[in-house]
Amino acid sequence: MDGIMSKLRSLDAYPKINEDFYSRTLSGGLITIASSVLMLLLFITELRLYLHAVTETKLMVDTSRGETLRINFDVTFPALPCSILSLDAMDISGEQHLDVKHDVIKKRLDSRGNVIEARPDGIGAPKIEKPLQKHGGRLEHNETYCGSCFGAEESDDHCCNNCEDVREAYRKKGWALSNPDLVDQCKREGFLQRIKEEEGEGCNVYGFLEVNKVAGNFHFAPGKSFQQSGVHVHDLMAFQKDTFNVSHHINRLSFGEYFPGVVNPLDGVHWNQESPSGMYQYFIKVVPTVYTDVGGHTIQSNQFSVTEHFRSAEAGLLQSLPGVFFFYDLSPIKVTFMEEHVSFLHFLTNVCAIVGGVFTVSGILDSFIYHSQKAIKKKMDLGKFS
């Protein structure tokens, strides 16, 4: 038994030294305090990293198909009234959404940016007691009203009972409504008078679009849009204006849901138009992004980068459509962010490395200082005796 115990003692890698042989120095005390503080700071840093999740980033090819892209927007036009502002969206597959109203809200703003209460219908309209019927006569008592579409009827029983119906019928035909005052419905509703009264007002447009996940564009522009000889155009003649101020402030623009750490580069962007009219263009590269938090909840979203361009037009020469255009394209690479905690074994390994590393380095430093002091003292003593 004594032999076994003796063999175990011989394996002791930490031999003990009698305290009588210890030599404690001032430099050793200072190094001990400094190394203890350093170990404590490194331990706290490592503990914070362990308690907080780290994000791992990966790149992969986007193989998703048949998905839709949600575009969230909040844009303010300080000098463009809501009554003439329209929103269109189209993509390279040929799908078009013209004058989008679903899930889009418009707020009228005064010159100071304050929201104006909605005005009741009919204010400012001339007093015409009997509307003009489709057959040419005025509406008589107990007769059903069916307004004329002024040549844009789709069928014999097609009725246009208000100015908006006439403008929509003209849009579908690809015609421009040059003089709304010649249209009975627009004259009764005071279309041009309402536009003149709203001169100097602004408009805040916000909402979202659901589009195909392919390259395309959406834009805010004055007038109703229609196709003419395969070209997308807007009817600006109805407003009897040569210039349109499309200065704008992008409060928010994002593609998909919000996720922690996302940066939308167009949030808060403001453009003030100096020329009489022009087209603002934003060219956007959308990067599909998947974010997974520590709880395993996944968010399918997007990030994007953007470049900007402005095309000016001389007054009276609208060579380019005035408006704000967002052209977007999709990246074939998908980015994945995954939050995860550091394992406890990894944390324990790092703590041991910190303690052992600092202890070893401080021991080497203390030994170097101690032996240097002894060597210097020895030389000084020899110098005195000589």
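- The name an unreviewed UniProt entry assigns to the protein chain is Endoplasmic reticulum-Golgi intermediate compartment protein 3-like, from the organism Linum tenue.

## Overview of the overall build of the protein chain
Here comes step 1: Looking only at helices and strands, the protein chain has 6 helices and 15 strands in total.
Here comes step 2: Counting over 386 residues, the protein chain shows a buried share of 36%.
Here comes step 3: Summed over its atoms, the accessible surface of the protein chain is roughly 23,600 Å², and 58% of this surface lies on carbon and sulfur atoms.

## Some details on the side chain of histidine 219
Here comes step 1: Summarising the element assignment, histidine 219 is placed in strand E7 (residues 216-222).
Here comes step 2: In this structure the side chain of histidine 219 is engaged in a polar contact, spanning 3.2 Å, whose partner is the side chain of asparagine 217.

## Quick notes on the sheet that holds strand E10 (residues 248-255)
The strands making up a sheet associate through backbone hydrogen bonding, with each pair oriented either parallel or antiparallel.
Here comes step 1: Spatially, 5 strands are ordered E5-E6-E2-E10-E11 in an open sheet, and the strand pairing comes out antiparallel. Lying at the two open borders of the sheet, with one neighbouring strand each, are strand E5 (104-109) and strand E11 (269-271). Between one strand axis and the next, the sheet turns through 20° on average, direction left out of account.
Here comes step 2: Both E10 and E11 contribute to a ladder of 3 bridges, which runs antiparallel.

## Thoughts on the UniProt feature "transmembrane region" (unreviewed entry) in the protein chain
Here comes step 1: Feature annotation in UniProt places "transmembrane region" (unreviewed entry) on residues 21-44 and 344-370, given in this structure's numbering.
Here comes step 2: Segment residues 344-370 splits into 100% helix and 0% strand. End C-alpha atoms: 38 Å apart.

## Examining the pattern of salt bridges
Here comes step 1: If you walk through the whole model with that rule in mind, you get 5 salt bridges.
Here comes step 2: Note that arginine 108 is salt-bridged to glutamate 201, the shortest N-O span being 2.7 Å. In this pair, arginine 108 is assigned in strand E5 and glutamate 201 in the loop between helix H5 (191-197) and strand E6 (202-212), connecting sequence segments 93 residues apart. Glutamate 201 shares its class with arginine 108; the two are buried.
Here comes step 3: Note that lysine 285 and aspartate 329 form a salt bridge whose closest N and O atoms lie 3.5 Å from each other. Taken together, the residues lysine 285 in strand E12 (residues 277-292) and aspartate 329 in strand E14 (residues 323-330) connect sequence positions 44 residues apart.

## Digging into the state of the cysteines
Here comes step 1: Enumeration according to the criterion identifies 2 disulfides in this entry.
Here comes step 2: Sulfur-sulfur distance for the disulfide between cysteine 82 and cysteine 203 comes to 2.1 Å. Around the S-S axis, the bridge from cysteine 82 to cysteine 203 shows a dihedral of about 100° and counts as right-handed. With cysteine 82 in the loop between strand E2 (68-77) and strand E3 (85-91) and cysteine 203 in strand E6, this residue pair connects regions lying 121 residues apart in the sequence.
Here comes step 3: Looking at cysteine 203, the relative accessible area reads 0%, which means it is buried.
Here comes step 4: For cysteine 149, the disulfide goes to cysteine 160, at an S-S distance of 1.9 Å. Taking the sign of the S-S torsion, 95° for the link of cysteine 149 and cysteine 160, the bridge is right-handed. Here cysteine 149 is found in the loop between E5 and helix H3 (163-173), whereas its partner cysteine 160 is found in the loop between E5 and H3, with 11 residues between them in sequence.
Here comes step 5: By relative accessible area, which is 0% here, cysteine 160 ends up buried.

## A word on the nonpolar core
Here comes step 1: Within the largest apolar cluster, 35 residues are counted, with the highest numbers of intra-cluster contacts made by Phe218, Phe220, Leu253 and Phe326.
Here comes step 2: Of all the elements in the fold, those that place two or more residues in this core are E2, E3, E6, E7, E10, E12 and E14.
Here comes step 3: What phenylalanine 220 contacts, discounting residues up to four positions off in sequence, is Phe73, Val75, Phe77, Leu85, Ser86, Leu87, Val205, Gly323, Val324 and Phe326.
Here comes step 4: In terms of nonpolar packing, the next biggest core, distinct from the first, is built from 10 residues, Ala152, Cys160, Leu177 and Cys186 among them.

## So, the pairing of E3
Here comes step 1: Of all the 7 residues making up E3, 7 are buried; the element is thus mostly covered by neighbouring parts of the structure.
Here comes step 2: With burial as the criterion, each face of E3 is covered, one bearing Leu85, Leu87, Ala89 and Asp91 and the other bearing Ser86, Asp88 and Met90.
Here comes step 3: Relative to strand E4 (residues 96-97), E3 runs antiparallel, the two being bridged by 2 bridges. Bridging from a neighbouring strand, methionine 90 pairs with glutamine 96 of E4.
Here comes step 4: Connecting E3 to the next strand, E4, in antiparallel fashion are 4 residues, including glycine 94 with a positive phi near 100°.

## A closer look at the environment of glycine 28
Here comes step 1: Note that glycine 28 resides in helix H2 (residues 26-51).
Here comes step 2: Using a relative accessible area of 14% as the deciding quantity, one classes glycine 28 as buried.
Here comes step 3: For the pair glycine 28 and aspartate 366, spaced 338 residues apart in sequence, the C-alpha to C-alpha distance is 5.7 Å.

## Quick look at H3
Here comes step 1: Those residues of H3 that fall on the buried side of the exposure criterion are Cys163, Val166, Arg167, Ala169, Tyr170 and Arg171.
Here comes step 2: Just beyond H3, the residue with positive phi is glycine 174, at close to 80°.

## Considerations on a nonpolar patch on the surface
Here comes step 1: Taken together, the side chains of Ile4, Met5 and Leu8 present a nonpolar region at the surface, about 290 Å² in accessible area.
Here comes step 2: When you line up the elements, methionine 5 lands in helix H1 (residues 2-10).
Here comes step 3: Assessed through its relative accessible area of 36%, methionine 5 is described here as partly exposed.

Rules of the game
- Residues numbered from 1 in each chain as written.
- Predicted model: local features only at pLDDT ≥ 70, side-chain atom pairs only at ≥ 80, totals over all residues.
- Heavy atoms only, no water.
- Helix = DSSP H or I, 4+ residues; strand = E, 2+ residues; numbered from the N terminus.
- Buried < 20%, exposed > 50% of the residue type's maximum accessible area, 1.4 Å probe, protein only.
- Areas by Shrake-Rupley, 256 points an atom, 1.4 Å probe, with all protein chains shown as cover.
- Polar contact = N/O pair within 3.5 Å; in protein donor to acceptor, adjacent residues only side chain to side chain.
- Pairing = 2+ DSSP bridges.
- Axes fitted to C-alpha atoms, helices over the stretch in contact; angles between N-to-C directions.
- UniProt positions renumbered as here; feature names shortened; annotations may be inferred.
- Salt bridge = Lys/Arg side-chain N within 4 Å of Asp/Glu carboxyl O.
- Disulfide = S-S within 2.5 Å.
- Core = buried A, V, L, I, M, F, W, Y, C linked by side-chain atoms within 4.5 Å.
- Contact = heavy atoms within 4.5 Å.
- Patch = residues over 30% accessible without salt bridge, like charges linked within 9 Å, V, L, I, M, F, W, Y side chains within 5 Å.

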